[in-house]
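Descriptive analysis of the structure
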Amino acid sequence: MASPSSTHSPPKEEEKKGSAQQSNSQPQPQDMAVSSSANDLPPTPSWFTPKRLLVIFCVINMINYVDRGAIASNGVNGSKRSCDDKGICSSGSGIQGEFDLTNFQDGLLSSAFMVGLLVASPIFASLAKSHNPFRLIGVGLSVWTLAAAGCGSAFSFWFITICRMLVGVGEASFISLAAPFIDDNAPVSQKTAWLAMFYMCIPTGIALGYVYGGLVGGHFNWRYAFWGEALLMFPFAVLGFVVKPLQLKGFSPVESKKALTSAETVSAVTDDSEASKLDGRILVGADGISADELNKTSKSVGIHNILNQFSRFAKDMKVLLADKVYVINVFGYIAYTFVIGAYSYWGPKAGYNIYHMKSADMMFGGITIVCGILGTISGGFILDRMTATISNAFILLSGATFLGAIFCFVAFCLKSLYGFIVLFAVGELLVFATQAPVNYVCLHCVKPSLRPLSMAMSTVSIHLFGDVPSPPLVGVLQDHINNWGETALILTSIFFLAAGIWFIGIFLHGVDKSNDESESEVSTITVATRKPLLDGNGDESFGEV
């Protein structure tokens, strides 16, 4: 049956012309989205200054690593149940004693967070292109807080293992996005120094974690250590949702709900059709679309968006892997982290067997903490004084690592304990000076929009191929050689490999892409599709970010 409108074609044509004229005179939805986003840009927050941003991120980073140190401390980790020759058994202490864990299970527990970290890091980095990066940090820290509280409430080995994995998921959002925020807001002449202050919190946090875990676990119960961490992190998780963040370079400005609404209209309204809802059907012009069909369309759009995310991730990864500067930097970082990971695990045992140290744990721990803090800060300030460029960063990376390798290598050749301590301390001071420059290269050799993924994949790579496999591989080497002195020398020689790889980077003439002008302009499609991760609070939830 013909519709009534079909019998009056002239009025219909006039209506179309009138509609066309009206559409020409009125701003288009796309224009409304762009103009609205331009007019509704949030003002620069008065309280959330760059220095406060640095302090907040440093505290968050320190709490992250306090957790790493706490779970390895004797007060929290404890000892397993044991029996002496007379048959008298001790109940054990800490996590290992309460859940009666084997050494293998205990080691698995300490590294379980790495699973969540490695899986979630590239995911959060990819989501930063379609969701507000600061809100992603808020979501990640919320997961971290709940997971830490779950560790304190654990009732079995597998439950606490899952919670440790979720701690890694929460941390993933932070490590991928914090460094780009700091790099954006640091003074031009102090960018590397600010990064150095941020990464200085790693050795500091681990050291505080040992003390914190020992005190809380020894005087109260190991569970209180995790509950205390959750309470410390909770305000920062809330802060991620309520504070107006500084804008992250390379990403579209955070637009208001008004802009989003007008952008969504683009997909629902056409130039010559009118949409209305009647008797459970949506009418577009003269055609009817049922609610079921609309739901199917919505699902297909959702699948399409997911596929687009994977496609975008694959393209970004292709760009990263094609960047010679980035690849060389990460390869050198992997070799460097391989040695550092083995040092932290086997260092005390090697020192005890080679030099018969009575307190090898305290000796290596103290050297690592002091040299880690001083070396990391020094590396950042030195690169800034050299004028922070990618070529200068590679010069500092290769030079500091090469000199540090010489001092550490000679230290293990000495028979004198005091000579070893002096030379090894100088060597560690030099090798820790690489922390800020290596991350500076990761941030500045790619376009601003790729920085979160750059940091995420760098972190995944150094753990997956560096400090995770190095302890067992060095253990196998020691089982074969059965000489800790030779094993330490072979391990230390890998520092020379790292220095050589970074030396190649000097001749690649890397270009600083952090100020790429093409990244400052955001397409209409990006603005239209960008959305808050947690929607539901009206304009406050997103428009005032």
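Criteria and cut-off values
Residues numbered from 1 in each chain as written. Predicted model: local features only at pLDDT ≥ 70, side-chain atom pairs only at ≥ 80, totals over all residues. Heavy atoms only, no water. Core = buried A, V, L, I, M, F, W, Y, C linked by side-chain atoms within 4.5 Å. Buried < 20%, exposed > 50% of the residue type's maximum accessible area, 1.4 Å probe, protein only. Helix = DSSP H or I, 4+ residues; strand = E, 2+ residues; numbered from the N terminus. Phe/Tyr/Trp six-rings, centres within 6.5 Å; stacked < 30°, edge-to-face > 60°. Salt bridge = Lys/Arg side-chain N within 4 Å of Asp/Glu carboxyl O. pLDDT = per-residue confidence, 0-100. Contact = heavy atoms within 4.5 Å. Expected span 1.5 Å × (residues − 1). Bend = angle between axes of the 7 residues up to and from the residue. Arc of directions from axis to C-beta. Axes fitted to C-alpha atoms, helices over the stretch in contact; angles between N-to-C directions. Parallel < 35°, antiparallel > 145°, perpendicular 65-115°, else oblique. Left-handed = near helix turned anticlockwise from the far one by under 90°. Nonpolar A, V, L, I, M, F, W, Y, C, P; charged D, E, K, R; others polar. Patch = residues over 30% accessible without salt bridge, like charges linked within 9 Å, V, L, I, M, F, W, Y side chains within 5 Å. Areas by Shrake-Rupley, 256 points an atom, 1.4 Å probe, with all protein chains shown as cover. Disulfide = S-S within 2.5 Å.

Take the nonpolar core next. Judged by nonpolar contacts, the single largest core of 105 residues is most densely connected at Phe57, Tyr336, Phe394, Phe420 and Phe424. By residue number, the principal contributor to this core is helix H14 (residues 324-355), which donates 16 residues. Core analysis: the second largest hydrophobic core is formed by 15 residues, Ile71, Phe99, Cys151 and Cys163 among them.

Going through the model one piece at a time under the given rule, you end up with 23 aromatic pairs. Relative to Tyr224, the ring of Phe220 lies with its centre 6.2 Å away and its plane at 50 degrees, an arrangement referred to as tilted. Its relative accessible area of 63% is what places Phe220 among the exposed residues. Taking the relative accessible area as the measure of exposure, Tyr224 reaches 46% and is therefore partly exposed.

Another point: the pattern of salt bridges. According to the stated counting rule, one finds five salt bridges in the structure shown. Asp323 is the partner of Lys513 in a salt bridge, and the nearest nitrogen-oxygen pair spans 3.6 Å. Of the two residues, Lys513 is situated in the loop between helix H22 (494-506) and helix H23 (524-529) and Asp323 in the loop between helix H13 (291-322) and H14; the sequence distance between them amounts to 190 residues. Judged by its relative accessible area of 11%, Asp323 falls in the buried class. A network of salt bridges, in which partner residues are shared, links Asp183, Asp184 and Arg451.

The predicted model of the protein chain averages 75 in pLDDT, with 70% of residues at 70 or higher. Averaged pLDDT values for the elements of the protein chain fall to 37 in helix H24 (residues 539-542) and rise to 95 in H22. In the predicted structure, residues 1-27 sits below a pLDDT of 50 and forms three contacts with residues beyond four places in sequence or in another chain. Contacts of residues 29-46 to residues separated by more than four positions or lying in other chains number 27 contacts, the stretch itself having pLDDT below 50.

With that out of the way, let us pick up helix H7 (residues 113-127). Relative to the 21 Å expected for 15 residues at 1.5 Å per residue, H7 spans 21 Å between its end C-alpha atoms, a close match to the ideal helical length. The axis of H7 is deflected most strongly, by about 35 degrees, at Ala120, and proline Pro122 appears within four residues downstream. Burial within H7 is extensive, with eleven of its 15 residues counted as buried. Residues of H7 that are buried include every one of Phe113, Met114, Gly116, Leu117, Leu118, Ala120, Ser121, Pro122, Phe124, Ala125 and Ser126, and no others.

Before going further, it helps to spend a moment on the environment of Ile494. Mapped onto the elements, Ile494 comes out in helix H22. As a C-alpha pair, Ile494 and Phe338 span 156 residues in sequence and 8.1 Å in three-dimensional space. Sequence-distant contacts of Ile494, defined by excluding residues within four places in its chain, comprise Ala335, Phe338 and Val339.

The next thing to look at is helix H20 (residues 470-481). Spanning twelve residues, H20 covers 16 Å between terminal C-alpha atoms, matching the ideal 16 Å at 1.5 Å per step. Of the positions making up H20, those classed as buried are Ser470, Pro471, Val474, Gly475 and Gln478. Seen end-on, H20 carries its buried residues on one side only, within an arc spanning 135 degrees. Facing away from the buried side of H20 by over 90 degrees, the exposed positions are Val476, Asp479 and His480. Buried-residue contacts for H20 involve H14, helix H19 (451-467) and helix H21 (484-492). Backbone geometry just downstream of H20 places Asn482 in the positive-phi region, at approximately 60 degrees.

Below, the discussion takes up the packing of helix H16 (residues 390-413) against helix H18 (residues 435-444). Two numbers describe how H16 lies on H18: the axes approach to 9 Å, and their chain directions differ by 150 degrees. In terms of their interaxial angle, H16 and H18 are classed as roughly antiparallel. Relative to H18, H16 is oriented so that their crossing is left-handed. Residues Ile390, Ala393, Phe394, Leu396 and Leu397 of H16 touch H18, and the partners they reach there are Pro437, Val438, Tyr440, Val441 and His444. Taken together, the residues of the contact of H16 with H18 break down into nine nonpolar, one polar and no charged.

On to the side chain of Ser458. Within the fold, Ser458 resides in helix H19. In this structure Ser458 comes out as buried when scored by relative accessible area, which is 2%. With residues near it in sequence (within four places) discarded, Ser458 still touches Tyr326, Val330, Tyr333 and Cys442.

What follows concerns a nonpolar patch on the surface. On the surface, a cluster of nonpolar side chains totalling about 380 Å² of accessible area is made up of Phe402, Leu403, Ile406, Phe407 and Val410. Take Ile406: it is sitting in helix H16. For Ile406, a relative accessible area of 32% corresponds to the partly exposed category.

Below, the discussion takes up the state of the cysteines. Enumeration according to the criterion identifies zero disulfides in this entry. Cys201 takes part in no disulfide bond, and the closest cysteine sulfur to it belongs to Cys58, at a distance of 4.0 Å. Between Cys445, a cysteine without a disulfide, and Cys442, which holds the nearest cysteine sulfur, the sulfur-to-sulfur distance is 6.2 Å.

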